[in-house]
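Okay, here's what each chain looks like letter by letter:
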Amino acid sequence: MTDFTEEELALDPGFAARFERDKRRPPCQLYLISPPLIDAPFTDRLAAALDGGDVAAFQLRLKGIDDHAIARAAEPLQKLCADREVAFIVNDSIALAKRLGADGVHLGQSDGDPREARQLLGPSAQIGVTCHDSRHLAMEAGEAGADYVAFGAFYPTTTKETRHRPEPSILSWWVTLFELPCVAIGGITAANAAPLVAAGADFLAVSGAVWNHAEGPRAGVAAFAPALARVA
Ligand SMILES: Cc1ncc(COP(=O)(O)OP(=O)(O)O)c(N)n1
Ligand SMILES: Cc1ncsc1CCOP(=O)(O)O
Ligand SMILES: [Mg+2]
């Protein structure tokens, strides 16, 4: 344990604990979520977003269309992600993730069992689970073999109707107790991300703030760079 001056600890009693925690965990990274509907030029928009800065993962989250249509849309996006070494995650469907040979799948509480996903997708698949604002669901997901747990929605969002509004402290609680990475999601922007990063989020999952950025998706991703640096 590093020694801190009494002055430092008096100013901020949590400083030493956060310092030790952050030494153990890699910096917070961006997890980009697609818009719920896309059109053909979207591949160019994704390329622009990935030009804007480091993105750890891209989730194809298309709503209201069937798996065949999603599979067609996925092809150029998956190739782009492979070229840029960005993990390609499929939302909702274990079967579609298998069919596409995706790097992983994100499962909501009604989207299937992480154990079944592991069996079908194998040991190297990244399996994520929505845990809303629930410590219990997160521990269950961890026991079921998830590779990350996702908490949210932290802020109001128009991308999805949401019913749960966790406090950032659920992230600090999680990272204090568990090594498994945690994702923060829901209405996150470059302007409101700091408390989530400070609380210990390993990933910020972001959609609207990137795709609806006034200066385009490249600027949308670039805007997150200052917020992603953990401030102890
Ligand atoms: C990273 C991440 N976290 C949460 C969700 C939400 O999943 P779910 O609750 O199944 O809702 P839909 O996204 O399917 O509408 C997510 N997709 N990704
Ligand atoms: C998929 C999802 N799950 C909880 S909030 C949300 C929407 C995320 O998109 P945005 O970053 O635009 O709020
Ligand atoms: Mg889902």
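Relevant structure appears above.
The model shown is predicted, which means the values in this text are computed figures rather than measured ones.

**Q** Is there a simple way to explain the side chain of asparagine 192 in this structure?
**A** Tracing the chain through its elements places asparagine 192 in the loop between strand E7 (182-185) and helix H9 (194-199). For asparagine 192, a relative accessible area of 17% translates into the label buried. Reaching out from asparagine 192, the side chain makes a polar contact with the backbone oxygen of glycine 187 at a distance of 2.9 Å. Of note is the side chain of asparagine 192, whose polar atom sits 2.7 Å from the backbone nitrogen of threonine 189.

**Q** For this particular structure, what's the right way to read the site of ligand 1?
**A** Close to ligand 1 lie 14 residues, the nearest being Arg61, Lys63, Asp92, Thr130 and Lys160. Within the backbone of glycine 108, an N or O atom sits 3.4 Å from an oxygen atom of ligand 1. Burial of ligand 1 by the protein amounts to 90% of the accessible area it has alone, namely 420 Å². When the residues that make up the shell around ligand 1 are grouped by side-chain class, the tally is 4 nonpolar, 5 polar and 5 charged.

**Q** I'm lost on the coordination of the magnesium ion (ligand 3) in this one. Help?
**A** By definition of the ideal shapes, a tetrahedral metal site with four donors has angles of 109.5 degrees and an octahedral site with six donors has angles of 90 or 180 degrees. Every protein donor of the magnesium ion (ligand 3) is accounted for by Asp92 (OD) and Asp111 (OD), and the metal-donor separations fall at 2.0 to 2.2 Å. With aspartate 92 in the loop between strand E3 (87-91) and helix H5 (94-100) and aspartate 111 in the loop between strand E4 (104-107) and helix H6 (114-121), this pair connects stretches of sequence that are 19 residues apart. Residue aspartate 111 is classed as partly exposed on the basis of its relative accessible area of 26%.

**Q** What am I meant to see in the sheet that holds strand E2 (residues 57-60) here?
**A** Whenever strands of a sheet pair, they do so through backbone hydrogen bonds, lying parallel or antiparallel. The strand order around the closed barrel built from 8 strands is E1-E2-E3-E4-E5-E6-E7-E8, with neighbouring strands paired in parallel fashion. In this sheet, neighbouring strand axes are inclined to one another by 25 degrees on average, regardless of whether the strands run parallel or antiparallel. Note: E4 against strand E5 (residues 126-130), 4 bridges, orientation parallel. Of the residues in E5, the one forming a bridge with leucine 107 is valine 129.

What counts, and where the lines are drawn
Residues numbered from 1 in each chain as written. Chains lettered and ligands numbered in written order. Predicted model: local features only at pLDDT ≥ 70, side-chain atom pairs only at ≥ 80, totals over all residues. Heavy atoms only, no water. Helix = DSSP H or I, 4+ residues; strand = E, 2+ residues; numbered from the N terminus. Buried < 20%, exposed > 50% of the residue type's maximum accessible area, 1.4 Å probe, protein only. Polar contact = N/O pair within 3.5 Å; in protein donor to acceptor, adjacent residues only side chain to side chain. Near = heavy atom within 4 Å. Areas by Shrake-Rupley, 256 points an atom, 1.4 Å probe, with all protein chains shown as cover. Nonpolar A, V, L, I, M, F, W, Y, C, P; charged D, E, K, R; others polar. Donors = N, O, S within 2.8 Å, 3.2 Å for Na, K, Ca; no water. Pairing = 2+ DSSP bridges. Axes fitted to C-alpha atoms, helices over the stretch in contact; angles between N-to-C directions.

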